[in-house]
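Coordinate inspection notes
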Amino acid sequence: PVEVAEPGGLLPSVQLRPYQKQSLAFMIDIERSTDVTLAGQRDGTWYQAAGPQIRGGILADEMGMGKTMVCISLVLANPPKPGAPKTTLIIVNNTLVQQWYDECKRYAPNLDVRKHYASTKVKSEATMLGSDIFVSTPHMKLPAVP
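Anyway, here's the lowdown on the structure attached to this text. (Residues numbered from 1 in each chain as written. Predicted model: local features only at pLDDT ≥ 70, side-chain atom pairs only at ≥ 80, totals over all residues. Heavy atoms only, no water.)

**Quick word on the overall build of the chain**
Across its full length, the chain holds five helices and three strands. Within the chain, buried positions represent 34% of all 146 residues. Long-range pairs, those at least 24 residues apart, make up 51% of the contacts in the chain between residues at least 6 apart in sequence. Put simply, the chain shows about 9,300 Å² of open surface, and 56% of that area lies on carbon and sulfur atoms. (Helix = DSSP H or I, 4+ residues; strand = E, 2+ residues; numbered from the N terminus. Buried < 20%, exposed > 50% of the residue type's maximum accessible area, 1.4 Å probe, protein only. Contact = heavy atoms within 4.5 Å. Areas by Shrake-Rupley, 256 points an atom, 1.4 Å probe, with all protein chains shown as cover.)

**Here's the deal with the packing of helix 3 (residues 67-77) against helix 4 (residues 97-107)**
At a minimum axis distance of 10 Å, the contact between helix 3 and helix 4 shows a crossing angle of 55°. Accordingly, the angle class assigned to the pair helix 3 and helix 4 is oblique. The chirality of how helix 3 crosses helix 4 is right-handed. Note on element contacts: helix 4 touches helix 3 through Trp100, Glu103, Cys104 and Tyr107, opposite Lys67, Thr68, Met69, Cys71 and Ile72. Grouping the constituent residues of the contact of helix 3 with helix 4 by class yields six nonpolar, one polar and two charged. (Axes fitted to C-alpha atoms, helices over the stretch in contact; angles between N-to-C directions. Parallel < 35°, antiparallel > 145°, perpendicular 65-115°, else oblique. Left-handed = near helix turned anticlockwise from the far one by under 90°. Nonpolar A, V, L, I, M, F, W, Y, C, P; charged D, E, K, R; others polar.)

**Points about the nonpolar core**
In this structure, Leu10, Ile72, Leu111, Ile133 and Val135 are the most contacted members of the largest nonpolar core, which totals 25 residues. Contributions of two or more residues to this core are made by helix 1 (18-32), helix 3, helix 4 and strand 3 (133-136). With eight residues, helix 3 is the single largest residue contributor to this core. Residues contacting Ile133, with those up to four places away along its chain left out, are Val75, Thr88, Ile90, Cys104, Leu111, Asp112, Val113 and Arg114. (Core = buried A, V, L, I, M, F, W, Y, C linked by side-chain atoms within 4.5 Å.)

**Quick notes on the state of the cysteines**
Under the defined criterion, the tally for this structure stands at zero disulfides. Free cysteine Cys71: the closest other cysteine sulfur is in Cys104, separated by 8.2 Å. (Disulfide = S-S within 2.5 Å.)

**Looking at the sheet that holds strand 3**
Across a sheet, strands are paired by hydrogen bonds formed along the backbone, either parallel or antiparallel in direction. Ordered by their spatial adjacency, three strands build an open sheet running 1-3-2, and the pairing between neighbours is parallel. Taken across any chain shown, the strands that pair with only one partner, and hence form the sheet edges, are strand 1 (88-91) and strand 2 (113-115). Strand after strand, the sheet turns through a mean of 20° between neighbouring axes, direction not considered. Against the sheet, helix 4 contacts strand 1, strand 2 and strand 3, and its axis sits at roughly 170° relative to strand 2. (Pairing = 2+ DSSP bridges.)

**Considering the pattern of salt bridges**
With the rule as written, the count across this model stands at three salt bridges. In this structure, Glu6 and Lys21 form a salt bridge, with 3.9 Å as the shortest nitrogen-oxygen distance. Taken as a pair, Glu6 in the segment before helix 1 and Lys21 in helix 1 lie far apart in primary sequence, 15 residues in all. Between Arg114 and Asp112 there is a salt bridge whose closest N-O contact spans 2.9 Å. (Salt bridge = Lys/Arg side-chain N within 4 Å of Asp/Glu carboxyl O.)

What follows is the structure, encoded as structure tokens:
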């Protein structure tokens, strides 16, 4: 299996485990791919409508496997192209928002990380889209679109 090194921007003390380096290599490959079948639909209609700069996925690993660190590493290793959306949206249970926020701030202090709980409405689209990582819940209330 292919492994990649820890990206710049992580604290120097952070060392990914071999399986995390393999996961990161796989996710970087998916993020940089132009294969429309990897973007979520076999016919590519979602990919064509959203544009090649919009990517995503679901990471559902067991507890304690280092999902947070791999996601932080992916954001650092694969910065957006000029003109592409900057924000990585991370959706977790309400009880995990603070944990993800804290770990992002701790291990990648140069990233702009914001959090939001579903009980309140996101103040503006800029609140969400102006950050590197936006951590929220599946029940996020978005601002009204004019």
